[in-house]
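What follows is the residue order along each chain.
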Amino acid sequence: MEKQILDVAIIGGGPAGLNAALVLGRARKNVTVIDEGRPRNAVTRESHGFLTRDGISPSELRRIAKKEICTYPSVSFVADIATSIEGTDGQFQITTKQGKTFTSKKILFAVGMKDRPLDIPGLAEVYGKSAFVCPYCDGWELRDEPLVIIIKGSEVMHFAPLISGWTNHFTICTNGPDELTDAQREELQRHQVPLFDSAIRYIDSNDGLVRQVVLEDGTTIPCRGIFFKPDLITGSDLPRTIGCDITDAGMVVTDDFGKTTIPGVYSTGDAASRMHQLIAAASMGAFTAAAINNELNMEAWSRNE
């Protein structure tokens, strides 16, 4: 029996990939979602900012999503890692770590971003519990609390005004030279924002709750929470391996419809955007899925003329 050719192989099963699968399933497309089941937000206890699901755990959100998607019989899930992709638009061959092979007309990367190892002692113990990366996701829970913001350079001047919407009690730790101009330091002083450029020795915590940040010069900064800028990499090397253009920040280059520089290959979600929020990734997945469906339908229409 000849093996069925998929309409779309979705690489990655986060909110972008799952919402794309939902849209494509409802469009009667044959889809397989290939995902290893190790999301970046696995350390997070609650997800926020997603209408009707505010406060849900990431694992529960995925469970509900898969249950809803399984209503559509043309969508299947494979717990695996895509390791290679060959072929061209209309007939891509995907091979997985477990040796499975799939043939698909289109590829959708929804691989997200992943954190490089956290190099500050004690940060891993509080990450997702009292240390976070996005105030839109977790700022409400730390409102009016004393916080430490670990960030440096020009991004300080973006993050300081931003975090002030949740609390005015925060300290900037740059964990080394601050890379600021004199004018920027003076601006922070005018707003009474403490700034420390000593390296961080360790983060003191108890059961995931931060108590203080200890600097190499002996300074201790009591706090109830931390926000920091993570060092991110693309969730899979496959987009780069098959020739997709990648930005200096590690994002896959796409047009307004999610098309990469390789015909038939799309990218969506965190790996194609700086807006790393659950609802934004899901929205992008839906939009890109509609673009793929339109391309597939137009191709079929042309063949039947």
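Residue positions within a chain follow its written sequence, with the count starting from 1. Restriction of local features to residues with pLDDT of at least 70 applies here, the model being predicted, together with a cutoff of 80 or more for giving and counting side-chain atom pairs; totals for whole chains, interfaces and linings are based on all residues. Side-chain metrics in this entry use all non-hydrogen atoms of the structure; hydrogen atoms and water are not considered.

Enquirer: Now, about the overall build of the chain: what can you tell me, with residues and values included?
Expert: A count of helical and extended segments in the chain gives eight helices and 17 strands. C-alpha extents for the chain along the principal axes are approximately 70 × 35 × 35 Å. Between two residues, a contact is recorded if the distance between any of their heavy atoms is within 4.5 Å. Considering only residue pairs separated by 6 or more positions, the chain has 56% of its internal contacts joining residues 24 or more positions apart. Accessible surface, the chain as shown: approximately 15,800 Å² in total, 50% of it carbon and sulfur. Strands here mean DSSP runs of E at least two residues long; helices mean DSSP runs of H or I at least four residues long; both are numbered from the N terminus. Reported accessibility uses the Shrake-Rupley method at a 1.4 Å probe radius. Residues are deemed covered only where the shown protein chains occlude them.

Enquirer: Give me the lowdown on the pattern of salt bridges, citing residues and values where you can.
Expert: Just to be clear on terms, a salt bridge is a Lys or Arg side-chain nitrogen sitting within 4 Å of an Asp or Glu carboxyl oxygen. According to the stated counting rule, one finds 15 salt bridges in the structure shown. Between K106 and D89 there is a salt bridge, with the nearest N and O atoms lying 2.7 Å from each other. With a gap of 17 residues between them, K106 in strand 6 (residues 101-109) and D89 in the loop between strand 4 (82-88) and strand 5 (91-96) connect regions that are remote in the sequence. Given a relative accessible area of 0%, K106 falls into the buried group. Across the pair E295 and K259 runs a salt bridge whose closest N-O atoms are separated by 3.4 Å. Note that E295 is positioned in helix 8 (residues 278-303) and K259 in the loop between helix 7 (238-241) and strand 17 (265-267), a separation of 36 residues in sequence. Only protein chains enter the accessibility calculation, which uses a 1.4 Å probe; a residue whose area is less than 20% of its type maximum is buried, one above 50% is exposed, and one in between is partly exposed. Look at E295 and you get buried, because its relative accessible area is 14%. Judged by its relative accessible area of 35%, K259 is partly exposed. If you follow the salt bridges from partner to partner, you end up with D89, K106, K259, E295 and E299 in one network.

Enquirer: Can you explain the nonpolar core? Please cite residues and give values.
Expert: If you look at the biggest cluster of nonpolar residues, it comprises 21 residues, and the most contacted ones within it are I11, I34, I85, I94, I107, F109 and V265. If you list the elements that add at least two residues to this core, you get strand 1 (6-11), strand 4, strand 5 and strand 6. Apart from the residues lying within four places of it in its own chain, the contact partners of I11 are I34, A82, I94, I107, L108, F109, A110 and V111. What is meant by a nonpolar core is a set of buried Ala, Val, Leu, Ile, Met, Phe, Trp, Tyr and Cys residues, joined one to another through side-chain atoms within 4.5 Å. Counting 20 residues, the second-largest nonpolar core is a separate cluster that includes V8, I69, L108 and A291.

Enquirer: Tell me what's going on with the sheet that holds strand 12 (residues 200-206), and back it up with residues and numbers.
Expert: An order of 12-13-14 is seen for the three strands of this open sheet, with the pairing classed as antiparallel. In this open sheet, the two strands that pair with only one neighbour each are strand 12 and strand 14 (220-222). Here the strands of the sheet are splayed against their neighbours by 20° on average, with no regard to which way each runs. Paired strands, in this sense, are two strands between which DSSP finds at least two bridges. Pairing of strand 13 (residues 209-215) with strand 14 involves three bridges; the strand directions are antiparallel. Following the sheet pairing, V214 is matched in strand 14 by T220. Orientation is described by axes fitted as lines to C-alpha atoms, over the contacting stretch for helices, and by angles from 0 to 180 degrees between their N-to-C directions.

Enquirer: Can you explain the sheet that holds strand 9 (residues 147-150)? Please cite residues and give values.
Expert: In space, the five strands of this open sheet follow the order 8-15-9-10-11, with parallel pairing throughout. In this open sheet, the two strands that pair with only one neighbour each are strand 8 (131-132) and strand 11 (195-196). As judged from the four bridges shared by strand 9 and strand 15 (residues 225-228), these two strands associate in the parallel manner. Following the sheet pairing, L147 is matched in strand 15 by G225.

Enquirer: Quick rundown of unusual backbone geometry? Include the residues and the values.
Expert: Although it is not a glycine, N175 sits at a positive phi angle of roughly 55°. For N175, the position within the fold is in the loop between strand 10 (170-173) and helix 6 (182-190). Residue classification places N175 among the partly exposed positions, given a relative accessible area of 26%.

Enquirer: Before we move on, could you go through helix 1 (residues 15-26) and cite the residues and values that matter?
Expert: Here a helix's expected span is defined as the number of its residues, less one, multiplied by 1.5 Å. In this model, helix 1 (twelve residues) spans 17 Å end to end at C-alpha, consistent with the 16 Å of a helix rising 1.5 Å per residue. The set of residues buried in helix 1 consists of A16, G17, L18, A20, A21, L24 and G25.

Enquirer: Could you give me a rundown of the pairing of strand 13, with the residues and numbers involved?
Expert: In this structure, strand 12 lies alongside strand 13, joined through six bridges in antiparallel fashion. Pairing of I203 across the sheet is with V213, part of strand 13. Counted between consecutive antiparallel strands, the loop separating strand 12 from strand 13 contains two residues, among which D207 sits at a positive phi close to 55°. Linkage of strand 13 to strand 14, two consecutive antiparallel strands, is achieved through a turn of four residues, within which G218 is found at a positive phi near 95°.

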